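Report on the structure
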Amino acid sequence: MTTALITGSTAGIGAAFARRLAADGHNLVLVARDTKRLREQATELHDGHGIEAEVLPADLSTDEGIAAVEERLRNRRSPVDLLVNNAGFGNKGRYLDVPMADELTMLKVHIEAVLRLTSAATESMRERGRGGVINVASVAAFVPRGTYGASKAWVVQFTQGAAKDLAGSGVRLMALCPGFVRTEFHERAGMGTDNIPKWMWLDADKLVAAALTDLSRDKTLSIPDPRYKALMGVVKLTPRPLLGGLTSRTGRKYGPQ
Ligand SMILES: NC(=O)c1ccc[n+]([C@@H]2O[C@H](COP(=O)([O-])OP(=O)(O)OC[C@H]3O[C@@H](n4cnc5c(N)ncnc54)[C@H](OP(=O)(O)O)[C@@H]3O)[C@@H](O)[C@H]2O)c1
């Protein structure tokens, strides 16, 4: 039996990964801040699928939280075969409206935690000659959209670079770039979503199924939906200065307010 560690496992995309991996018979290590919710999730997945579900409460915006998860990933006696770096959040507001402390917290969770946890996991995966890492980024990585987009652009570049450096080691790394997914994300950030067209919403379970297929095909970047693949194709062909104005206007019209 293999073991997967999922950060941000208790809601949204992370919970969809937990459901799918448990159904596939993987043991799980569940990471988030809310211990009660983690315990309830572990019990439900254990009872429903007969797998072992460990609970690891950790705040990935703190050094102690990151260190606790690093330690679990370095445990050679109980190895982790798949790491899903999924925990993340949005800050409401434009540049300079968001308090600096919140910007820095985002960089800690989206960048420092992802760097440290990926490194802790892949060191021991490389020794064993197998393993996988999915780093959840966003299609916001490809457009100029504040610190959120910039941090997700880092996730994409870092993951694809590391995948190249570890090619041939048996360790797969993939950046996952969802579009809008119905989760707790927007509500937690206090962002309204009424103006986002229906066709732009993705289903978390389908997203996860497509992501796992892409990982098994050795992809290092997954944009798992034809609608967003087409949109990102257009984005690639659009000159950067024009793109900045367009994404800013469209973002304000259709994006979370
Ligand atoms: N939803 C979208 O439209 C969308 C689109 C593109 C990309 N994404 C990305 O997908 C990932 C998951 O987002 P989601 O939409 O599923 O969000 P969500 O429903 O709000 O779930 C977030 C999860 O992360 C955990 N978490 C948040 N901050 C944490 C911290 N400091 N330390 C540890 N765990 C933390 C939360 O649990 P606790 O509160 O208990 O810690 C929860 O389990 C994020 O990286 C996000 O940027 C989302």
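Everything in this summary refers to the structure shown in the same document. Predicted, not measured: the structure shown is a model, and the values here were computed from it.

Regarding the packing of helix α3 (residues 63–73) against helix α4 (residues 100–128)
Running from N to C, α3 and α4 point in directions that differ by 20°, and their axes come no closer than 8 Å. One way to sum up the angle between α3 and α4 is to call them roughly parallel. The chirality of how α3 crosses α4 is right-handed. Residues Ile-66, Val-69, Glu-70 and Leu-73 of α3 pack against Glu-112, Ala-113, Arg-116, Leu-117, Ala-120 and Ala-121 of α4. Of the residues belonging to the contact of α3 with α4, the class tally is 7 nonpolar, no polar and 3 charged.

Things to note about the site of the ligand
Gly-8, Gly-12, Arg-33, Gly-88 and Phe-185 are the nearest of the 30 residues found near the ligand. When residues of the shell around the ligand are traced back to their parent elements, those giving at least two are α1 (12–23), β7 (180–181) and α6 (185–188). When residues of the shell around the ligand are assigned to their parent elements, the largest contribution, 3 residues, is made by α1. Tallied by class, residues from the shell around the ligand come to 13 nonpolar, 11 polar and 6 charged.

Structural notes on the environment of Ala-162
Among the structural elements, Ala-162 can be located in helix α5 (residues 146–165). Considered as a pair, Ala-162 and Arg-172 are 10 residues apart in the sequence and their alpha carbons are 9.3 Å apart. Excluding residues that lie within four positions of it along the chain, Ala-162 makes contacts with Thr-118 and Leu-173.

Analysis parameters
Residues numbered from 1 in each chain as written. Predicted model: local features only at pLDDT ≥ 70, side-chain atom pairs only at ≥ 80, totals over all residues. Axes fitted to C-alpha atoms, helices over the stretch in contact; angles between N-to-C directions. Helix = DSSP H or I, 4+ residues; strand = E, 2+ residues; numbered from the N terminus. Parallel < 35°, antiparallel > 145°, perpendicular 65-115°, else oblique. Left-handed = near helix turned anticlockwise from the far one by under 90°. Contact = placed C-beta atoms within 7 Å. Nonpolar A, V, L, I, M, F, W, Y, C, P; charged D, E, K, R; others polar. Near = placed C-beta within 6 Å.

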